[in-house]
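Tertiary structure, described
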Amino acid sequence: MAGDLISAADLAALWLTLRLAAITTLLLLVLGTPLAWWLARTRARARVAVEALVALPLVLPPTVLGFYLLLLLGIQGPLGALGLPSLAFTFTGLVIGSLVYSLPFVVQPLQTAFTSIDEATLEAAAALRAGPWDRFVSVVLPLARPGFLTATVLGFAHTVGEFGVVLMIGGNIPGETQVVSIAIYDHVEALDYRSAHVLSALLLTLSFMMLLAVYATNGRFRMFAR
Amino acid sequence: MSVVFRLRLTRPGFTLDAAAELPGLGITAVFGRSGCGKTTLLRCLAGLEPAAEGEVIVAGETWQSADSRLPAHQRSVGYVFQDGRLFPHLDVRGNLNFGYRRAAPARVRLRPDDVIGLLGLAPLMDRRVAGLSGGERQRVAIGRALLTSPDLLLLDEPLAALDAISKAEILPWLERLHAELRLPVLLVTHARDEVARLADHLLLLDNGSLLAEGPPAQLFTRADLALSATDDAAALLDAEVSAYDETDRLLELRLGVQTLWVPAAACPPVGAVRLSIQARDVSLAMSAPEDCSLLNCLDVTVCELSGELQPGELLARLDIAGQPLLARISMRSARQLDLVPGMRLKALVKAAVISGAGAAAPPGGLHPGRAGPKAAWEDRQAP
């Protein structure tokens, strides 16, 4: 049944896409949480610059991002000069590209959530014997839960929909770097509309379901800080 | 247990510079107008103002000195904020347990059951915080702070955000707290009646510095302090209950050898009460009037006369059986009566209000039927 509807190569692309999105989201949550916390609490002047830098992937054409990443990760790039193997056209390279590409989609909802937590609430926790780490785990994390949910879903969904960056740094190696969005592009190029339909419908449904989950559980949420 | 502090905090346009040694028991009211540094003082004591310098020693433990400073979470303090600051992601039980779980086991003196009983929290335990009334919120906040078994309880205007009804609802709980907890409490307030009802000791703050400290009855009547210059200046007197007339609903009180009658709905179950008598309810006469609706005519001695405080009026500080009483009279009456310090005359008291349990009542005094839990608490409070 499934074999009739979807080819083994497309199934591999789908699996690769989901794996890429899951790993990227997980890493972004780990890295983005301290960054978003810093952005939400700091009074340092550098904050504005860092905020702009984080938001850059929102406005930059993915090909520009992909181009610079290709230069960075390629054999002639600074990594290559350090004697490290080239990461271009590898799955690891894709993960690195996706981290940059989806960064604002994870950091900004977290920052919004952290900003909305009153310093007063944290003072109350401190006066109840909770140290800094304890305050973060037992007050900040639960209060920021809607932000984490938004960040997870947006980070995941945005990585699934990635095209330009992947094309630039990952190319189109089936089973290695070929993701669904590129597989769809290939099918359309080859006038195989049936396969393109199947994959497109899958992505459409998946994205809608994820956003539905966010809106249903969060009531209303703001996607971006400020 | 005692509380010693010497604190200094400078902010643009404001400097807090205050030092005091407070009794290790009972409620100390921090009184003063808005912006005089009451809340800042509490925040410094709790360790919430990193820029504060000085010394804080509570129950023999140094919280802060010239070369060391414990962060807020390492100070054995209970802080009740003006707005409660309950955690919205936890229910009442979760809020109460937050501090209790984190208190060092060796220090735990108060257990959830004690505090829940003391503050009447049992019906609220499984409620969401968002659904609580203002008064309930503050009771939970007080309970939450108490469950850390603090050595010092800081109450930052716990009644300020409440309407009159919620206030009336929570005051009795504070009185019970005062009566049953062996714990120093600092209560920030700018309501005179809260001081009258609750405080044993008073810190008067003005523009960041300590203007005066002492028993409220003394400070309330000191002519040199702004407290006696306001429209609602009042004296606090400790009196003994000697009888209750059920037909006329009058309480007979003794002030030294003199007798005072006060209307009361019921006879309080204790022998001592604190009275609040406003200066504008006291008139002076050379001799006792014969036909007069005023019940109370007391022998007093003039101690001190103020200058003109309000247009055409001055304040006379009187002595009645060793306690101060205030009378607001017109400048003309003062001249006609030829008032001078040392003069003996009659004070006609129009109204006197029993101001609450206060310091005059023994622990648990005005709350009948509280013998059991109280005894248990006192055991645990022993040093």
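Definitions and cut-offs
Residues numbered from 1 in each chain as written. Chains lettered and ligands numbered in written order. Predicted model: local features only at pLDDT ≥ 70, side-chain atom pairs only at ≥ 80, totals over all residues. Heavy atoms only, no water. Helix = DSSP H or I, 4+ residues; strand = E, 2+ residues; numbered from the N terminus. Contact = heavy atoms within 4.5 Å. Lys, Arg positive; Asp, Glu negative; His and termini not counted. Charge placed at Lys NZ, Arg CZ, Asp CG, Glu CD. Buried area = accessible area lost by both parts, 1.4 Å probe. Salt bridge = Lys/Arg side-chain N within 4 Å of Asp/Glu carboxyl O. Polar contact = N/O pair within 3.5 Å; in protein donor to acceptor, adjacent residues only side chain to side chain. 1 Å grid on protein atoms, 1.4 Å probe; cavity = no way out; pocket = protein on both sides within 12 Å on 5 of 7 lines; lining within 4 Å. Points joined across faces, edges and corners; volume = space filled by probe spheres on them. Nonpolar A, V, L, I, M, F, W, Y, C, P; charged D, E, K, R; others polar. Axes fitted to C-alpha atoms, helices over the stretch in contact; angles between N-to-C directions. Parallel < 35°, antiparallel > 145°, perpendicular 65-115°, else oblique. Phe/Tyr/Trp six-rings, centres within 6.5 Å; stacked < 30°, edge-to-face > 60°. Buried < 20%, exposed > 50% of the residue type's maximum accessible area, 1.4 Å probe, protein only. Lys NZ or Arg CZ within 6 Å of the ring centre and 35° of its normal. Pairing = 2+ DSSP bridges. Domains from an automatic or database assignment. Right-handed = clockwise from strand over helix to strand, strands pointing away. pLDDT = per-residue confidence, 0-100.

**Details of the overall build of chain A**
- Each helix and strand in chain A was counted, giving 12 helices and zero strands.
- Reported as C-alpha extents along the three principal axes, the dimensions of chain A are approximately 65 × 45 × 25 Å.
- In chain A, the proportion of contacts linking residues at least 24 apart, taken out of those at least 6 apart, comes to 73%.
- Within chain A, one finds 12 positive and 12 negative side-chain charges whose respective centroids are separated by 17 Å.

**Points about the interface of chain A and chain B**
- Tallying the contact residues gives 18 residues for chain A and 20 residues for chain B.
- Of the roughly 1600 Å² buried between chain A and chain B, counting both surfaces, carbon and sulfur atoms make up 66%.
- Of all residues in chain A, the largest losses of buried area upon contact with chain B belong to Glu 123, Leu 128 and Arg 129 of chain A, amounting jointly to 45% of the total for that side.
- Where chain A packs against chain B, one counts three salt bridges.
- The closest approach of N and O atoms between Arg 85 of chain B and Glu 123 of chain A, which form a salt bridge, is 3.0 Å.
- Between chain A and chain B we count nine residue pairs in polar contact (both at pLDDT 80 or more) in total.

**Quick word on the pattern of salt bridges**
- Here the structure, examined in full by the defined rule, presents 19 salt bridges over all chains.
- Overlapping salt bridges bring together Glu 123 of chain A together with Arg 11, Arg 43, Glu 49, Asp 83 and Arg 85 of chain B as one network.

**Side note on the layout of surface pockets**
- Approximately 520 Å³ is the volume attributed to the largest pocket.
- Along the wall of the largest pocket there are 19 residues; nearest its centre are Glu 119, Leu 122, Glu 123 and Arg 135 of chain A together with Pro 50 of chain B.
- Elements represented by at least two residues in the lining of the largest pocket include exactly α2 (8-41), α7 (119-126) and α8 (132-143) of chain A.
- Across the lining of the largest pocket, the residue classes tally to 10 nonpolar, two polar and seven charged.

**Notes on empty space enclosed by the protein**
All names here are of chain B.
- Throughout the structure, instances matching the rule amount to two cavities of 30 Å³ or more.
- Approximately 50 Å³ is the volume found for the largest cavity.
- Contributing to the lining of the largest cavity are Gly 26, Ile 27, Leu 155, Leu 174, Leu 177, His 178, Leu 181, Leu 183 and Val 185.
- Sorting the residues of the lining of the largest cavity by element identifies β3 (26-31) and α5 (164-180) as the ones contributing at least two each.

**Comments concerning the packing of helix α2 (residues 92-102) of chain B against helix α4 (residues 134-146) of chain B**
Residues and elements named next belong to chain B.
- α4 packs onto α2 with a crossing angle of 30° between their chain directions and a minimal axis gap of 7 Å. By the criterion of interaxial angle, the relationship of α2 to α4 is roughly parallel. Note on element contacts: α4 touches α2 through Val 140, Gly 143 and Arg 144, opposite Val 92, Asn 95 and Leu 96.
- Here the residues of the contact of α2 with α4 sort into three nonpolar, two polar and one charged.

**Notes on the packing of aromatic side chains**
- Tallied over the entire structure, the rule returns nine aromatic pairs over all chains.
- Both rings, one in Trp 37 of chain A and one in Phe 114 of chain A, keep their centres 5.3 Å apart while their planes meet at 80°; by these two values the pair is edge-to-face. A residue pair is termed long-range when its members are at least 10 positions apart, and Trp 37 of chain A in helix α2 and Phe 114 of chain A in helix α6 (residues 91-115) qualify at 77 residues.
- Aromatic side chains Phe 114 of chain A and Phe 148 of chain A sit 6.0 Å apart centroid to centroid with 70° between the ring planes, which places their arrangement in the edge-to-face category. Placement of the pair is Phe 114 of chain A in helix α6 and Phe 148 of chain A in helix α9 (residues 145-160), with a sequence separation of 34 residues. Per residue, the accessibility class of Phe 114 of chain A equals that of Phe 148 of chain A, and both read buried.
- Of the aromatic side chains, those joined through ring pairs into one cluster are Trp 37, Phe 114, Trp 133, Phe 136 and Phe 148 of chain A.
- Above the ring of Phe 91 of chain A, the side-chain terminus of Arg 19 of chain A is found at 4.6 Å from the ring centroid.
- Above the ring of Phe 87 of chain B, the side-chain terminus of Arg 144 of chain B is found at 4.7 Å from the ring centroid.

**Details of the sheet that holds strand β12 (residues 234-245) of chain B**
All names here are of chain B.
- One open sheet holds the five strands; their spatial order is β14-β13-β12-β15-β21, and the pairing between them is antiparallel. Of all strands in the sheet, those bounded by a partner on one side alone are β14 (258-263) and β21 (353-354).
- Relative to β21, strand β15 (residues 272-278) runs antiparallel, the two being bridged by two bridges. Opposite Ser 276, over in β21, you have Val 353 as the bridge partner.

**Quick notes on the domain arrangement of chain B**
- Per the domain assignment, the segments of chain B are domain 1 (3-214) and domain 2 (234-368).
- Computed from C-alpha coordinates alone, the two centres of domain 1 of chain B and domain 2 of chain B are separated by 33 Å.

**Side note on the pairing of strand β8 (residues 152-156) of chain B**
All names here are of chain B.
- Judged by how many residues are buried, β8 sits mostly within the fold: five of five residues are covered.
- Burial along β8 is two-sided: the face carrying Leu 152, Leu 154 and Asp 156 and the face carrying Leu 153 and Leu 155 are both buried.
- Across four bridges, strand β7 (residues 77-80) lies against β8 in parallel orientation. Among the inter-strand pairings, Val 80 is bridged to a residue of β8, identified as Leu 155.
- Here β8 runs beside strand β9 (residues 184-189); their pairing, made up of four bridges, is parallel. For Asp 156, the partnering residue across the bridge sits in β9 and is Val 188.
- In this region the chain leaves β8, passes through α5 and returns to the parallel neighbour β9; the handedness of that crossover is right-handed.

**Quick word on unusual backbone geometry**
- Its identity is not glycine, yet Phe 89 of chain A carries a phi of approximately 60°, on the positive side.
- The residue Phe 89 of chain A is located in the loop between α5 (78-81) and α6 in this model.
- One non-glycine residue, Ala 321 of chain B, lies in the positive phi region at around 50°.
- Along the polypeptide, Ala 321 of chain B turns up in the loop between β18 (313-320) and β19 (323-330).

**Things to note about the sheet that holds strand β20 (residues 344-349) of chain B**
All names here are of chain B.
- In spatial order, the strands read β16-β20-β17-β18-β19; together these five strands make up an open sheet with antiparallel pairing. Single-partner strands in this sheet number two, and they are β16 (282-285) and β19. The average angle at which neighbouring strand axes cross in this sheet is 45°, direction not considered.
- Two strands pair when backbone bridges link them, and β18 and β19 are joined in this way by eight bridges, in the antiparallel orientation. Among the inter-strand pairings, Asp 319 is bridged to a residue of β19, identified as Pro 324.

**Here's the deal with the confidence of the model for chain A**
- Looking at chain A as a whole, the pLDDT averages 88, with 95% of positions reaching at least 70.
- When mean pLDDT is compared element by element in chain A, α8 of chain A scores highest at 95, while helix α1 (residues 2-5) of chain A scores lowest at 62.

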